[in-house]
Structures are given as C-alpha cells and as structure tokens.
Amino acid sequence: MHIFTLILGLVCFQTEQTSDVIDSILREGKSNSQVMEHLDQLVNGIGPRLTSSDNDRKACEWARDKFQSFGIENARLEQWGTFPVGFNRGPWSGELISPEKKKLDCMTMSWTPGTKGPVEGPALIAPKNAKEVTDQFKGAWIVASSRPKRAIRQALEKVGAAGIVRSGRSEVLVTGGNYGIKWESLPTQVNVYLKKSDFTSITKQIEKGTSVRLRFNIQNEFVKGPIPIYNVIADIPGTEKPEEMVIFGGHIDSWDGATGTVDNGTGVATTLEAARLL
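Residues numbered from 1 in each chain as written. Predicted model: local features only at pLDDT ≥ 70, side-chain atom pairs only at ≥ 80, totals over all residues. Heavy atoms only, no water.

Student: Even after reading the chapter, I still don't get the pattern of salt bridges, so can you show me in this structure?
Tutor: When the charged atoms of two side chains with opposite charge come close together, those side chains can pair. Under the definition given, this model contains 12 salt bridges. In this structure, D235 and R76 form a salt bridge, with 3.1 Å as the shortest nitrogen-oxygen distance. Taken as a pair, D235 in strand 9 (residues 213–236) and R76 in strand 2 (residues 76–98) lie far apart in primary sequence, 159 residues in all. For D235, a relative accessible area of 19% corresponds to the buried category. Among the residues examined, R76 registers a relative accessible area of 27% and is labelled partly exposed. With a closest N to O distance of 3.1 Å, R213 and E120 form a salt bridge. In this pair, R213 is assigned in strand 9 and E120 in strand 5 (residues 119–125), connecting sequence segments 93 residues apart. Here R213 falls in the partly exposed class, since its relative accessible area comes to 29%. (Salt bridge = Lys/Arg side-chain N within 4 Å of Asp/Glu carboxyl O. Helix = DSSP H or I, 4+ residues; strand = E, 2+ residues; numbered from the N terminus. Buried < 20%, exposed > 50% of the residue type's maximum accessible area, 1.4 Å probe, protein only.)

Below is the structure:
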C-alpha cells in the first residue's frame, strides 16, 4: 500500500478576516463540491490501481497534476520502493458452454497468469494423486474443491491441462495475490475462481456423469521489473507555525477486481477536494 497525503502547516489565529475565509471555504464546499468529479475521474476514468500496474502509475501522476492545478506547486511523487514484476489485468470472462449456456462470474488472483485467448475444454474433477493424471486431462479445466498438491499440479501442467477451477468462499469473489514472484520463474498455471453456487452446480453435474464444458478468456499481463512505486505528497505550508502540521489522506492503490472506489478512491477524492478548497 502506498500513501496519498496532504500536509497542512498550522495557521493559528482568530480574526474577523479569518472567519470570513472559513465561511467562504464552507460555502464553496457545500455549494460547489467537486468530490464526485474527482472520484469519477479516478475510478471510472483510470480504474483499478493495483500496485505495480500501469493504472497505479497513471493515478499517481494524475493526482500530482490535480494538486498542482490547485496551486500547490510542490506536489510531487516520491519513490518508496520497487516491485520485482508488474501486473496489468485486462478484460476477463467465463462461460458454461454445456450442458447449457451461461455466463459465469469468475476471477483470478493478481500476479497470476491468464489464458492466451479464449480457452474451451471439458470440465473434469481433479485427480486424487499424480498417478491418476493421464492424457484425458489434456486441454481440460480441472475442477478442484481445494488446491491440488504440488505433484498433482505439476503433472497436470505436464499433460497440458487448461487450468484449475476452484470455488470462492461465497457469492462474492475477493481479489488477492502475491507480488513476490520473479521474472525468471513466472507462474504459468491458470487458476480461476467461481462463485460458490456456480462451482457447486458444476461439480454436481460432473459427478452425475453429465458432460460439462467451460470456456475462459482471461487477459492478464506480466511486466518485467523492477517497477518503481510512488507516494503522492502535497504540502501547504502554514504561516504562523510552519513547523507543526496536520496530515491526512489515504492510499491511492487498490486491488484490481473492481474499480477501487471504497478502497480507497473516496479517501483520495476527499483529500483532493480539501486541497482545492484551501
């Protein structure tokens, strides 16, 4: 997580003129709020902002430019580290092809591979051990109630299985991921998560002997690192006690299963608006 911060130097005095300024700020905030405009530009214009992604860098540059457009000349990006491999999530989709056609809500974790275009194949229950892996699993989507053991996963990759299909914990698909991967040994096995109800239905059909076919098109991209990661910092110096400060903000990055509105686009938008008003 990297931060998005506005630092305010303290101005501590009470005069009639100050009261007029405060009243003016309040009127502007109530009658001409631009919070939703900031939020729309960030979450709909740029979109999800996974750390190490192109969108994350774009969002940081956009926020810096916003601060500067409000007259905060020293708004800046400060690099705090790097990620070994970058990751961009493209469009993704899933479908049940047979015994009926149905769109499937699906998800992959961040920093994991996608498919090379649409991949359709039979859905088969995961083998119990590596010895059960035969050529019948070639091109198949492997339906697994839990993560198969390493030997099984390796055997499935060796015969050319399309990937592994697992269940989410509920009807809500939650994104996560491990950024600690290396360019020289990128993960190659596709792991797709379905809503629990869809996973359960597909599993039951296979167990009854029904022929089930699935198709997934998941456009994930790895980017060779090191990928620089930035904080966005803006300072408004105080006039009376510049050595004291108030700090507020949020984090500008987000998981990339959605647009990052609550996590934490709202914090970014309100911090920008505070800077604009002041």
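Text resumes after the structure shown.
Student: Would you mind showing me how to read the pairing of strand 5 here?
Tutor: Every regular strand shows the same layout, with side chains that alternate between the two sheet faces. In this structure, strand 5 lies alongside strand 9, joined through four bridges in antiparallel fashion. Note on strand 9: the bridge partner recorded for E120 is R215. (Pairing = 2+ DSSP bridges.)

Student: What is the right way to look at the pairing of strand 2 in this model?
Tutor: In the sheet, strand 2 pairs with strand 9 via 18 bridges, with the strands oriented antiparallel. By the bridge assignment for strand 9, F83 is matched with I227. Note: strand 2 against strand 3 (residues 102–104), three bridges, orientation antiparallel. Each residue of the ladder has a partner; that of E95, found in strand 3, is K103. Where strand 2 folds back on strand 3, the antiparallel hairpin that results is connected by three residues.

Student: Quick question: what am I supposed to make of the packing of aromatic side chains here?
Tutor: Pairs of aromatic rings are described using the distance from one ring centre to the other and the angle between the two planes. In the structure shown here, the tally under the stated rule is seven aromatic pairs. On the basis of an interplanar angle of 75° and a centroid distance of 4.8 Å, the ring pair of W141 and F216 is categorised as edge-to-face. Of this pair, W141 sits in strand 6 (residues 141–143) while F216 is found in strand 9, placing the two residues 75 residues apart along the sequence. In this structure W141 comes out as buried when scored by relative accessible area, which is 0%. Taking relative accessible area as the criterion, F216 reaches 0% and is therefore assigned buried. Just above the ring of W92 sits the side chain of R89; from NZ or CZ to the centre is 5.4 Å. (Phe/Tyr/Trp six-rings, centres within 6.5 Å; stacked < 30°, edge-to-face > 60°. Lys NZ or Arg CZ within 6 Å of the ring centre and 35° of its normal.)

Student: How should the packing of helix 2 (residues 35–46) against helix 3 (residues 54–69) be read in this particular structure?
Tutor: Viewed as axis vectors pointing N to C, helix 2 and helix 3 meet at an angle of 160°, and their least axial separation amounts to 11 Å. As far as their axial angle goes, helix 3 and helix 2 are roughly antiparallel. Here helix 2 runs over helix 3; the crossing is right-handed. Contacts from H38, Q41, L42 and I46 in helix 2 reach N55, K58, A59, W62 and K66 in helix 3. Residues of the contact of helix 2 with helix 3, tallied by class, amount to four nonpolar, three polar and two charged. (Axes fitted to C-alpha atoms, helices over the stretch in contact; angles between N-to-C directions. Parallel < 35°, antiparallel > 145°, perpendicular 65-115°, else oblique. Left-handed = near helix turned anticlockwise from the far one by under 90°. Contact = heavy atoms within 4.5 Å. Nonpolar A, V, L, I, M, F, W, Y, C, P; charged D, E, K, R; others polar.)

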